Amino acid sequence: MVSVADGLTHGFEELSLFGEESSASASDDDNDDYSDMDDMRSSRRSLVSIYNSDEEDTRNNVMPRDRTLFTDQHISVDMLGGFEVHPYARAYLGTLAARRCDQDSQNAMSILLNELRPVAIVFVGLHDLDDIDPRDSTLLQLMNDAFKILSRITHACNGAVRDMLFDDKGCVFISVFGAHSHEVNPCFDATVSAMRMESALKDLKLKRFSLGVSFGECFCGEVGPPIRSDYVVMGPEVNLAARLMGKAPNRSTLVSKRIYSHSKKFIHFIKSQEIQVKGKDGFFHAYIPQTRIERQNLEIAEPQQPFVIMPSRQSAMDSLMQVKERAGEGKPTICFVSGGPFLGKSRLIDEVAGKAANDGFTILKSFRTSLDSFTSFFPLRQIVSAAMIKCAMLTAGREIDNEVSAANYLVDENIFKKTDRVNIGSIVPTVADEQLLSLLSGLNPKARTRTIVDSLMKILKLLQPFMIILEGDGDIDPSSWSLLAELMQRASAECPQIMLIVSSRDSPTITSAASNLRRNAVQVKLTPFEKYETELFLRVMLGVRNRDIAVDQKLLDVVHDRANGCPLFIECVVRWALEKNMIEYVEGSKKMSLKMLDERSDDVTAAIPRELSNILLAPFNNLPPPLWDALKIASCIGYSFDADLYSTLNQVLDFMPKIRELAVKHECFEQTGSHFRWKQQAVYEAVKSLLMVNQRQNIHRMIVRAFKQHKIANDDIDVKGGDVHRLLGRHCALAQDWAGAFEQYMKAGDRAKATFNFNEASKMYEEAIDFQAKMTEQPPLRSRMIPTINLGTCLRELARYKEAEAVLTRCLNEAQSEFSDITLDEHLYVRALTALAALYQAQSKYEAARKLYEKAVPIARNIQESKSSLWLAGNIAGYAETLRKSGDLPQAESHHREALEIRTRAVQEKSCTELELAVSYTQLGCTLAGMRQYEDAYEQHHRALALRYRYLDFSHGLVSESLNYCAESLCALGRGGEGIPLALHAVEIRKLIFGTSHPAYAHALSVLASCYHAVGRSFDARDCLEKCLEICEVAFQKNHANIIPNLMNYGNVLRSTGDLVKARIVYQRAITIHQLNFKRGQQASQLEKCKTELEDLSRKIELLESSASSATNNLSHAPLKVPFAPPDIEDRGTPVIVFTDIGRDVDDELALVVMSSLRRMHLLNPIAVITTLCPEESRAHLARGTLDAIGMADVPVGVGSSGGVDSDVELEVYGADYSRASPCIHEDGMGLVYRALESVPPKSAQILCIASLSDVATLIREREELFTTKVKEVILMGGVVSLEAGEALIPDSAYNNNCDVSAARFVYKKCQELGVPTATLSRWAAYGCPIPPQLLDEIAKSEHMVATNVRGVSKLSIDQLWNKVILHPADPRREKLPSRCDINWFCRTFMGTTEVSKDWTSSIWSHVKKLNMYDPLAVLLCVPAYRSTHFKWKTKIVNGVQHIVVGTSELDTGICNRLSLYHEYATLFLTAFTESLHKEKSSFL
């Protein structure tokens, strides 16, 4: 039991909370002990008491312990609801009563009635004092000091003291938190108190002490008769705290798990060894508190002064609240908040953010300075980091500490792809994957912005509604503006509940690319307070609520004059005046007035300094000189800085320890991770203003020397390299060390260029060139050319061609004019020539590029002695590419082979990896394809693909490049069907990497179109090409040469669809563009082909126009019904028509995968696939995409019936990125079946039904003769009742039968009557050969889109099936699931157990031991060789015809050898996936 009192003496000389010394000390140290506790509280106390003029000076008297909190307010005696409480006595109401008095409660003490309350208890065992001798004055003084310090800390942390017990158990100090207040976090308060107590006792040199802290529900209230009742806290948590104290290590603290759970967001803990205490069963872990966790930027800080809406701020507040409401309604809105410094922009925004957070908004906040405008996306760095952490924690349901862990988790959970991590790494460098940085190569700024937003949307959608706040005084870089514009433009459709606030001193300067932001923005501008508002603010600060009390005009005038109407400065002036005891209440005039301190002066206002810096810096007047030096250095570094980057100053100046001391003891800085920021910008600017220009230069020189003498760790340079060089370059520039600034900005540019951040790199090189111009001595030509060449290269990558040409041409002309003898620096001269040549090539100026390469390549050959120089190979290959694109293919081939030889030697000498060869293979393959040597071209491209598969991630852009080229070569070889899976994967990869507006994505669509056209699917090809051309028209300059091949493909496809007139127009445009880009003789074959096609189309159109029976364009634009060619059974296998309900579960899709492998083996020949079961159209889309992806694009897909399901009921179809609508899908599925059967020889076709039998029944009913003459066997996935039950087979209650019972019975009956054999595979067979889930992991390693999707869907399907089987058999949510499929069935089927664990409350997937593959086994049953090898069946002879059944019971599964069969179809799965991607199977087996 703990009795809470404000102090008991126990006879010690000064052992009392009421002692003058202890109380005064407490008031001096409160701000240090608990300066940021207000962040955890919702209430505030008064700033100042209204003193009576007759009272003596109170500076040396006891003051309220919260006196230093200048945000507090005071209420005089007559406003305390009748309680006679002297203002000074209120200092000792360290309970809720004091606050209730402040709030004018009528019954303040009523809150302390008997009740159960959550409280935290701290026990402190002072073991050094256990054997104290009352006669030992030294020990008595030590005990007295300990009591005073521990009491002070308790009160500072919002707690209450019992007393210090001294009995046979030793000396124990006890304090309680939460017994008197509902408004704080008692666990946090108690833990911070214990940590500070531990530190204080160590400072007292106590050698033996320990602390225990616990938290829980305890009885709190009065105990005892009224004459001597006491307020106590009782409960098991009090005992636990005492026992934890006893178990704690010497000079340390143990806290309970509840304390840990409630404080871990704010305090770092480590787990203790297991302990056992009295009253607790078994062993358990306690926790040892370590250090505070710094508050993250995304938290909304509590304001120092209670937020008060002044009249001039009301409209601003209303505007912001309206923006919030619009965002909450799904209307994305942006708001610009501007105003001079210190006008309260942040306070206003924080107030709105707090209200938004209460309404469920996620708050994402960042701060920027003027230094950050050089760094691309810097204002968004904190935003995106916080968003990733929030999203990861939301989905994981646990704490995630940093952005790197968050990014890893998001990738592991497939929320992010690896390419998303690359995109996000453009903003947050710490999460970038350097192995995939080349994915950013070739992306222009617009495309790069779109891909980053694509990635951002994946996490922002999960955080809706959310508010993004961009605060700061610096400009926002152009890249960030472009990204914000793209984000807001797409937000309406993708992420509508978004509110964006941009705060700045002046109206923000927005780039033209983001001009739409300004047009749609709400503008809020803050101005300084008017004088009447200053008066209102003063009254609030001084706690003057009584309207009869006025503010003296002199006080108002001086405050308004000194503060210039700025709220922050008003606070500073008033705080300063109060600390000087210059403000008093004059009873006679009933005014708050300035107090005359100097009787010799007539001007009472003269005592208040006119320079605000004197007021702002007054709290730091007593700082020792070393700390002042640290402040001055920090002001030169900037408003915010990274401690890791400036750690080099520690060795010379001990800088960061001083900064941390200033942050902790003097509240100069706020810390977030390794980042420090001045707590008040006004203080930062005041310190900066103290320094003369030469002093600042000296400080910057000192910083530069420290950096040069003590290098930063390599790990920090790897992560923050760009920032290191840029910041050091700035210090060099401010120190007027122009050479050093040039060197550092060059390094910063090189790093940005290496990470494909060409925007930032170009700025760095421009700065370097400017600093170079300031050097006293002109640098040599080489030093001038390197940054210029690099700048020109970056501008070319940014598609700023005119600027790039001007820069590079000027550089080359300067080099040629200064050195007539080029041999002085030929290497650099070659760089200049090839840089300009690459620019010309990018602009399709091939002749100009060729001339420059013809100068550069001979020089490069002469100066490069090594025969394995990659630099030389790159120059030769660049020349060869120009030759290829200009049409000189033989010369291009020769040079590409030379480059390949050089790179091959480099690989042999181990100066580079094999991956380098892929570049030459690709370039040579493209050249050979242009020469129509398609076999050789495919061989080169396949070599490149194999190397890239081996060394690169599958989602890498270079892998997609090789996939594209292989597909293109296969198409040219007449093997377009093989090319379609490759092209589909290339399209998907480029969509993820580059977005849907990039030329690379357009090229992949063009290749896919060629492949579709090659297999007769012209309408699919047309759709792809129209998307492709739409992208190219935007991405390229008007009439760019790169559009010509796409136009030629489009014209050819239009011709195939019958749209001859449009085809002619397309070819005419291709000819026009060719003539604009090429001279006579260049790309002659391309031009000749266009002209030939144009002439042929013109003749056909004229023929149609002259025909009386036809008009121009009278041909159908609908997909044509291409007649079926008679199948070659011996060469291609048995013709099969498949009826499937694909999309219900994954085994239908895997059945098609097995079918593709058997087709490659010429065992089965699928001639039609019909989708059934509502929604049958969506299933057809999935079937079409699956067949395309596994190499069966030529197999037609038809839409069947609803499968016996009511038309108003739609069953689920799982999603897939490759599921797509297609013009070639036959709406009349049964018509497709009839045509397919008509094309086959008699008794040759098999019907494979792995779905509802509705459509098979329709076939028999409508075309019985066709069925009996063409079908040799019907294979059914389902089941029959016992073979002994009658003379005929009768379908059982299997799912497929149950979908349409009448159809199932009809099919079985008619097949037996008509003498068409049936083969039924029952569920028992599938149970006899289950697969482990690991097989799905294995096939997913192939990276095939179908394999990865099947693996993901399987987990979801199992979870959904479990959620159905646990329902009542009559529940309609079970859909068509048979009643026998209950919980026991599920456990036996998928887990091999009959026991249901109580732990299976979340996902069931982790408990699954086996999966059943029904439909793939049915496919194998179609092949006689597999049937005889792997299956045992029972036969039923009806009308002389055998009907077989595989699997008749749980004991008779019909499987010969489970392991052998499993290996068989596992191999078929892997074969289908790897061969469709042209991969080596051994990589995955």
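In this text, all values refer to a predicted model and were calculated from it rather than measured experimentally.

Okay, the overall build of the protein next. Looking only at helices and strands, one finds 56 helices and 28 strands in the protein. Across the 1485 residues in the protein, those meeting the buried criterion constitute 55%. Long-range pairs, those at least 24 residues apart, make up 72% of the contacts in the protein with a sequence separation of at least 6. Surface exposure of the protein reaches about 62,900 Å², of which carbon and sulfur atoms provide 49%.

Once that is clear, we can look at the pattern of salt bridges. Taken as a whole and assessed by the stated rule, the structure comprises 53 salt bridges. With its nearest N and O atoms 2.7 Å apart, the salt bridge here joins Lys365 to Asp350. Linking Lys365 in strand 11 (residues 362–368) with Asp350 in helix 8 (residues 345–358), this pair joins segments that are 15 residues apart in sequence. Pair check on accessibility: Lys365 and Asp350 agree, each one buried.

Attention now moves to the sheet that holds strand 10 (residues 333–339). Spatially, the five strands line up as an open sheet ordered 11-12-13-10-14, and their pairing is parallel. The sheet is open, and its two edges are formed by strand 11 and strand 14 (522–526), each paired on a single side. Across the sheet, the mean angle separating the axes of adjacent strands is 15° when strand polarity is ignored. Across six bridges, the pairing between strand 10 and strand 13 (residues 498–504) is parallel. Bridge pairing links Ser338 to Ser504 in strand 13. Lying on the sheet, helix 9 (residues 381–396) is in contact with strand 11 and strand 12 (466–472); it crosses strand 11 at an angle near 150°.

All told, the structure shown has 22 aromatic pairs when counted by the stated rule. With 6.0 Å between their ring centres and 15° between their planes, Trp738 and Phe771 make a pair best called stacked. Of this pair, Trp738 sits in helix 25 (residues 738–754) while Phe771 sits in helix 26 (residues 758–773); the two residues are 33 residues apart in sequence, bridging distant segments of the chain. Residue class for Trp738 comes out partly exposed when judged on its relative accessible area of 22%. Feature note: the residues Phe641, Tyr646, Phe655, Phe669, Phe676, Trp678, Tyr684 and Phe707 constitute an aromatic cluster, connected by ring pairs. The aromatic ring of Tyr1295 is capped on one face by Arg1144, whose charged end is 3.8 Å from the ring centroid.

This brings us to the environment of Leu116. Structurally, Leu116 can be placed in strand 2 (residues 115–126). Considered as a pair, Leu116 and Gly221 are 105 residues apart in the sequence and their alpha carbons are 8.5 Å apart. Filtering out sequence-adjacent residues up to four positions away, Leu116 remains in contact with Glu217, Cys218 and Phe219.

Once that is clear, we can look at helix 49 (residues 1301–1314). A rise of 1.5 Å per residue sets the reference length of helix 49, with its 14 residues, at 20 Å; its end C-alpha atoms lie 20 Å apart and thus fit the reference within 8%. Backbone geometry just downstream of helix 49 places Gly1315 in the positive-phi region, at approximately 75°.

On to the nonpolar core. The biggest cluster of nonpolar side chains holds 151 residues, and the ones touching the most others in it are Met467, Phe641, Phe655, Ile659, Phe669 and Trp678. Here the element with the most residues in this core is helix 29 (residues 826–842); it accounts for 10 residues. Ignoring any residue separated from it by four or fewer positions in sequence, one finds Phe641 in contact with Ala634, Tyr646, Phe655, Met656, Ile659, Phe669, Ser674, His675, Phe676 and Trp678. One finds Val1154, Val1195, Ile1275 and Tyr1414 within the second-largest nonpolar core, a separate group that totals 142 residues.

Attention now moves to the sheet that holds strand 19 (residues 669–672). Strand pairs in the sheet, formed through backbone hydrogen bonds, run parallel or antiparallel to each other. Read across the sheet, three strands follow the order 18-20-19 without closing on themselves; strand pairing throughout is antiparallel. Each edge of the sheet is formed by a strand with only one pairing partner; in this case those strands are strand 18 (640–642) and strand 19. Neighbour-to-neighbour, the strand axes of the sheet open up by a mean angle of 20°, direction not taken into account. With four bridges joining them, strand 19 and strand 20 (residues 675–678) adopt antiparallel strand pairing. Within the sheet, the bridge partner assigned to Phe669 lies in strand 20 and is Trp678.

Here the focus is the packing of helix 36 (residues 976–994) against helix 37 (residues 999–1014). For the pair helix 36 and helix 37, the least separation of the axes is 8 Å and the interaxial angle reads 160°. Taken together, the axis directions place helix 36 and helix 37 in an arrangement best described as roughly antiparallel. Classified by chirality, the crossing of helix 37 by helix 36 is left-handed. Between helix 36 and helix 37, the contacting residues are Gly976, Gly979, Ile980, Ala983, Leu984, Ala986, Val987, Arg990, Lys991 and Phe994 on the first element and Ala1000, Tyr1001, His1003, Ala1004, Leu1005, Val1007, Leu1008, Cys1011, Tyr1012 and Ala1014 on the second. Here the contact of helix 36 with helix 37 is built from residues that sort into 15 nonpolar, three polar and two charged.

Another point: the pairing of strand 22 (residues 1164–1171). The buried fraction of strand 22 amounts to eight of the eight residues, a majority that puts the element mostly inside the structure. Pairing between strand 21 (residues 1134–1140) and strand 22: seven bridges, direction parallel. Looking across to strand 22, one finds that Pro1135 is bridged to Asn1165. When strand 22 meets strand 23 (residues 1197–1199), the two strands line up parallel, connected through three bridges. Opposite Val1169, over in strand 23, you have Val1197 as the bridge partner. Note that the unit made of strand 22, helix 44 (residues 1176–1189) and strand 23 has a crossover that is right-handed.

A word on unusual backbone geometry. Residues Gln464 and Pro465 are joined by a peptide bond in cis, for which omega reads -15°. On the secondary structure map, Pro465 appears in the loop between helix 12 (445–460) and strand 12. The omega torsion of the bond from Cys1174 to Pro1175 falls at 0°, within 30 degrees of zero and hence cis. Along the chain, the position of Pro1175 falls in the loop between strand 22 and helix 44. Residues other than glycine seldom take positive phi values, yet His1162 does so here, at roughly 60°.

On to the packing of helix 32 (residues 889–908) against helix 33 (residues 915–930). For the pair helix 32 and helix 33, the least separation of the axes is 9 Å and the interaxial angle reads 165°. As judged from the angle between their axes, helix 32 and helix 33 are roughly antiparallel. Crossing angle aside, the handedness with which helix 32 passes helix 33 is left-handed. Across the interface between the two elements, Leu889, Ala892, Glu893, His896, Arg897, Ala899, Leu900, Arg903, Thr904 and Val907 of helix 32 pack against Glu916, Leu917, Val919, Ser920, Tyr921, Gln923, Leu924, Thr927, Leu928 and Gly930 of helix 33. In the contact of helix 32 with helix 33, the residues fall into 10 nonpolar, six polar and four charged.

Averaged over all residues, the pLDDT of the protein is 80; the fraction at 70 or higher stands at 84%. In the model, residues 717–721 has pLDDT below 50 throughout and makes 12 contacts with residues more than four positions away in sequence or in other chains. Across residues 1109–1120 the pLDDT falls below 50, and counting only partners more than four positions away or on other chains, this stretch makes 20 contacts in the model.

For the rest of this paragraph, the subject is the side chain of Gln841. Turning to its location among the elements, Gln841 is positioned in helix 29. One polar contact links Gln841 to Thr882, side chain to side chain, over a distance of 2.6 Å. Here Gln841 is in contact with Tyr846, Ala849, Tyr853, Gly878, Glu881, Thr882 and Lys885, once residues within four sequence places are set aside.

This part covers a positive patch on the surface. Taken together, Lys257, Lys264, Lys265, Lys271 and Lys390 make up a surface patch of like positive charges. Among the secondary structure elements, Lys257 is positioned in helix 6 (residues 257–263).

Assignment of secondary structure puts Ser589 in the loop between strand 16 (583–586) and strand 17 (591–594). Along the chain, Ser589 and Asp552 lie 37 residues apart, while their C-alpha atoms are 9.3 Å from each other.

Basis of the calculations
- Residues numbered from 1 in each chain as written.
- Predicted model: local features only at pLDDT ≥ 70, side-chain atom pairs only at ≥ 80, totals over all residues.
- Heavy atoms only, no water.
- Helix = DSSP H or I, 4+ residues; strand = E, 2+ residues; numbered from the N terminus.
- Buried < 20%, exposed > 50% of the residue type's maximum accessible area, 1.4 Å probe, protein only.
- Contact = heavy atoms within 4.5 Å.
- Areas by Shrake-Rupley, 256 points an atom, 1.4 Å probe, with all protein chains shown as cover.
- Salt bridge = Lys/Arg side-chain N within 4 Å of Asp/Glu carboxyl O.
- Pairing = 2+ DSSP bridges.
- Axes fitted to C-alpha atoms, helices over the stretch in contact; angles between N-to-C directions.
- Phe/Tyr/Trp six-rings, centres within 6.5 Å; stacked < 30°, edge-to-face > 60°.
- Lys NZ or Arg CZ within 6 Å of the ring centre and 35° of its normal.
- Expected span 1.5 Å × (residues − 1).
- Core = buried A, V, L, I, M, F, W, Y, C linked by side-chain atoms within 4.5 Å.
- Parallel < 35°, antiparallel > 145°, perpendicular 65-115°, else oblique.
- Left-handed = near helix turned anticlockwise from the far one by under 90°.
- Nonpolar A, V, L, I, M, F, W, Y, C, P; charged D, E, K, R; others polar.
- Right-handed = clockwise from strand over helix to strand, strands pointing away.
- pLDDT = per-residue confidence, 0-100.
- Polar contact = N/O pair within 3.5 Å; in protein donor to acceptor, adjacent residues only side chain to side chain.
- Patch = residues over 30% accessible without salt bridge, like charges linked within 9 Å, V, L, I, M, F, W, Y side chains within 5 Å.
- Lys, Arg positive; Asp, Glu negative; His and termini not counted.
- Charge placed at Lys NZ, Arg CZ, Asp CG, Glu CD.

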